[in-house]
Amino acid sequence: MECFLMCSDKTHGRIFLPDQKAVTVGRTPVTKITDKKVSRKQVELTADYEKQTVFVKQLGVNPSTVGDTSLSQHKTHTLGPGGKINLLAAKYEHFVYFTKQGENTSSKDLLDDKNLNQKRRHEPDSGQSGVRPFKRQKTAENKSRIETSKLDVELNENKDDINDLKAEFGEKIIEAINNSQDGVDSEVAKSSPTGKVDAQVEPSKCSQWDEGSSGTLLIHSSAGLMAREKVASFDLDGTIITTKSGRVFATGPEDWKIKYPEIPGKLQSLHKDGFKIVIFTNQGPISKGKLKKEDFQRKMENISSKLKVPLQVFAATSKDIYRKPMQGMWRHLVEKQNHGMPIDHTRSFYVGDAAGRPVNWAPKMKKDFACSDRTFAKNLEISFHTPEELFLNKKPASFNWPEFNPMAISQNAPLFIPTTSKLISNEQEVVIMVGYPASGKTTFVKKHLLPNGYVHVNRDTVGKWQKCVAMCGSELARKKSVVIDNTSPDKESRQRYIQAAKKKNVPVRCFLFNVTHDHALHNNRIRELTNKDKNYKSVGRMVFNTYRSSYQEPNTNEGFKEILHINFLPHFETTSMKEMYMQYTE
């Protein structure tokens with residue numbers, strides 16, 4: 001067995017990593033890197049053949065990247081077979097390659113180089129006990145060996161400057177470096193469907209955990225995992241496992257069992273058919289402190305052992321872009337965890353129990369708690385199955401999609417109805433906005449009313465409703481038009497301002513926003529995902545439920561001169577924002 005550091009874009013030959021000996025890699029003639037942001041001694045790599053790992057220590061000032069982890073100076077990390085390292089941020093990608101036990105390398109001079117470099121480090125002295133540093137002799141024999149062999153290794157004693165190499169070995173060493181070709185490179189390239197170097201050319205031989213750069217994504221790759229074009233993906237709780245106790249929620253990390261006895265065999269069959277087995281799971285209790293990360297990791301490794309199939313696990317621990325049904329975990333798989341191999345959506349699928357099935361979808365079965373697994377697959381544009389359909393060959397049950405479909409929002413609807421009305425009045429007035437939180441009221445006010453001289457009255461800035469009513473009255477006395485930008489769900493909350501306007505003999509209109517409960521929740525989730533204001537206060541679901549329970553539809557009998565129905569017309573500054581908004585968030 002031998003270990004090499006491979007260059008993903010094949011700009012230089014392999015770098016031999018001897019067992020238990022530190023190798024320094026950086027800006028040298030070996031790597032052909034000339035970027036001065038890369039130190040000449042950027043990282044120190046030590047291979048462990050028994051464990052099949054490479055220990056990485058950052059030496060350079062500018063950080064390298066291992067997976068999603070940025071390594072600052074003196075920080076360390078461990079790589080397994082196929083593990084990637086970028087020598088500078090996202091640049092100069094390399095990966096670890098272990099040959100198979102007893103594998104015959106394609107070049108005899110590889111062994112010659114290894115033996116030569118070992119001699120360069122230490123040579124026995126027949127006149128003394130022990131060993132002493134070997135002083136290199138510039139003999140014709142040594143020069144010949146260097147000139148005819150390929151340079152595959154860079155040890156700690158490497159010279160940091162090309163002139164040192166020239167001085168020690170002559171000009172031909174530079175030619176040897178530049179012409180270095182690699183049998184392993186060729187074999188690796190053959191295994192990649194794109195012709196590019198594919199980091200994981202054989203199954204990984206050790207299990208490993210990683211974390212996304214956000215700190216809210218846990219990734220587990222078990223031994224034997226390979227990059228593949230077809231992905232068979234699964235939810236965890238309620239799909240692959242269920243509780244031993246019979247309770248809805250696990251009583252502890254050990255309260256689990258494989259849900260159906262058919263599951264291991266089915267997964268093994270899919271793996272043999274060329275599918276990569278992937279689990280996507282939301283694990284919010286980790287971020288809430290209700291479940292220790294280490295307990296979840298141990299649990300997941302035990303589940304993997306029971307399934308007896310190589311698999312990859314993505315666990316979202318917070319309410320961010322990684323939480324299903326958002327696409328974050330899938331995109332992380334595609335972009336960073338499949339070694340550059342594209343995934344065929346037409347042949348991939350997802351299985352989950354949150355499928356929107358009603359009560360009694362099967363005899364005595366409760367309704368599904370959500371539809372988030374089905375909407376996750378819809379967001380990804382891959383096919384979907386329930387556990388019963390895939391593992392038990394049951395017929396598809398009836399189901400209901402969420403009431404709100406973000407993909408169905410029309411951007412061509414009129415801004416308000418009736419279209420024959422005027423948005424801006426020619427006379428002094430009071431406008432009362434009515435709508436859920438996150439229905440677009442404030443955005444609408446700032447875009448359409450404030451530029452036309454309306455005074456903005458809002459509890460977020462003014463305070464209690466009593467202060468808002470007082471401000472409305474004082475601004476009306478100044479002959480200003482006023483817009484009341486609160487939720488105003490019931491008659492009582494609206495009458496306060498209607499009565500204030502009557503005292504000044506000013507007409508009142510109602511702007512009612514056509515945004516449903518689920519639509520408003522969707523807007524709120526997108527707002528929280530994209531918000532960058534440190535002072536932003538999150539709006540809980542209870543606020544939306546309170547609005548819904550207290551809502552009374554506005555009527556002209558309350559004293560409104562007119563009621564305009566305002567349509568929600570989203571505006572997107574970027575394509576990525578539009579893509580995020582147009583996917584299911586529940």
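Figured I'd write up the structure that's included with this text. For every chain, the first residue of the written sequence is number 1, and numbering continues from 1 along that sequence. Owing to the predicted nature of the model, reporting of local features is limited to residues with pLDDT of at least 70; listing and counting of side-chain atom pairs is limited to 80 or more, with chain, interface and lining totals taken over all residues. Where side-chain values are given, they derive from all heavy atoms of the structure, hydrogens and water being excluded.

Quick look at the packing of helix α13 (residues 465–477) against helix α14 (residues 491–503) now. Two elements in contact, α13 and α14, have axes separated by 10 Å at closest approach and are oriented at 25°. With respect to α14, the element α13 is oriented roughly parallel. Helix-helix and strand crossings are classified by hand; for α13 and α14 the assignment is right-handed. When α13 is examined against α14, the residues W465, C468, V469, C472 and L476 are found in contact with a partner set consisting of R496, Y497, A500 and A501. Here an axis means a line fitted to C-alpha atoms, over the contact stretch when the element is a helix, while the angle between two N-to-C directions is reported on a 0 to 180 degree scale. Secondary structure follows DSSP: runs of H or I at least 4 residues long count as helices, runs of E at least 2 residues long count as strands, and numbering of each begins at the N terminus. Angles are sorted into four bins: roughly parallel if under 35 degrees, roughly antiparallel if over 145, roughly perpendicular if 65 to 115, and oblique for all others. Put simply, a crossing is left-handed when the front helix is turned counterclockwise from the back one by less than a right angle, and right-handed when it is turned clockwise. Contacts are residue-level and defined by heavy atoms, with any inter-residue pair within 4.5 Å sufficient.

A cis amide bond links K324 with the next residue in sequence, P325, at an omega value of 10°. Here the amide bond leading from I417 into P418 is cis, since omega sits at 0°, within 30 degrees of zero. Considering the arrangement of structural elements, one finds P418 in the loop between β22 (416–417) and β23 (430–434). In this structure, Q20 is a non-glycine residue whose phi angle is positive, near 65°. As for its placement among the helices and strands, Q20 is situated in the loop between β2 (15–16) and β3 (22–25).

Turning to the packing of aromatic side chains, a few remarks are in order. In this scheme Phe, Tyr and Trp rings, the latter by its six-membered ring, pair at centre separations within 6.5 Å, and the angle between planes marks the pair as stacked below 30 degrees, edge-to-face above 60, and tilted otherwise. For the coordinates displayed, the defined rule picks out 19 aromatic pairs. For the pair Y350 and F384, a centre-to-centre distance of 6.4 Å together with 35° between the ring planes defines the contact as tilted. Linking Y350 in strand β20 (residues 349–351) with F384 in strand β21 (residues 383–385), this pair joins segments that are 34 residues apart in sequence. An identical accessibility class is assigned to Y350 and F384; each is buried. Whether a residue is buried, partly exposed or exposed follows from its accessible area with a 1.4 Å probe, protein chains only, as a fraction of its type maximum: under 20%, in between, or over 50%, in that order.

On to the environment of P396, then. Residue placement: P396 occurs in the loop between α10 (387–391) and β22. For P396 and H385, which are eleven residues apart along the polypeptide, the C-alpha to C-alpha distance reads 8.0 Å.

What follows covers helix α11 (residues 441–449). Side chains three or four residues apart in an α-helix point the same way, a direct result of the helix having 3.6 residues per turn. What α11 keeps buried is the set K441, F444, V445, H448 and L449. End-on view of α11: buried residues confined to an arc of 100°, all on one side of the axis. Structural note: α11 exposes T443, K446 and K447 on the side pointing more than 90 degrees away from its buried face. In the core, the buried residues of α11 are packed alongside β23, β24 (455–457), β25 (482–484), β26 (508–513) and β27 (562–566). What the arc covers is the set of directions going from the helix axis to the C-beta atoms.

Let us now look at the nonpolar core. Residues V430, I432, C472, V482 and I484 are the most contacted members of the largest nonpolar core, which totals 37 residues. If near-sequence neighbours (up to four positions away) are discounted, I432 is found in contact with I484, S488, R494, Y497, I498, V508, R509, C510, F511 and F560. The definition of a nonpolar core used throughout is a set of buried Ala, Val, Leu, Ile, Met, Phe, Trp, Tyr and Cys residues joined through side-chain atoms within 4.5 Å. In this structure, I263, F275, I303 and L390 belong to the second largest nonpolar core, which totals 29 residues.

Turning our attention to the sheet that holds strand β8 (residues 76–79). By the convention used here, strands pair only if DSSP detects at least 2 bridges between them. Across the sheet, four strands lie side by side as β3-β4-β5-β8; this open sheet has antiparallel pairing. Two strands bound the open sheet, and with one partner strand each, they are β3 and β8. Each strand axis lies, on average, 25° off the axis of its neighbour in the sheet, ignoring direction. Relative to strand β5 (residues 53–58), strand β4 (residues 43–48) is paired through six bridges, and the arrangement is antiparallel. Pairing of T46 across the sheet is with F55, part of β5.

Strand order in the open sheet made by the six strands is β2-β1-β10-β9-β6-β7, with antiparallel pairing throughout. Each of the sheet's edge strands pairs with one partner strand only, and the pair in question is β2 and β7 (69–71).

On their own, these measurements won't tell you what the molecule is for.
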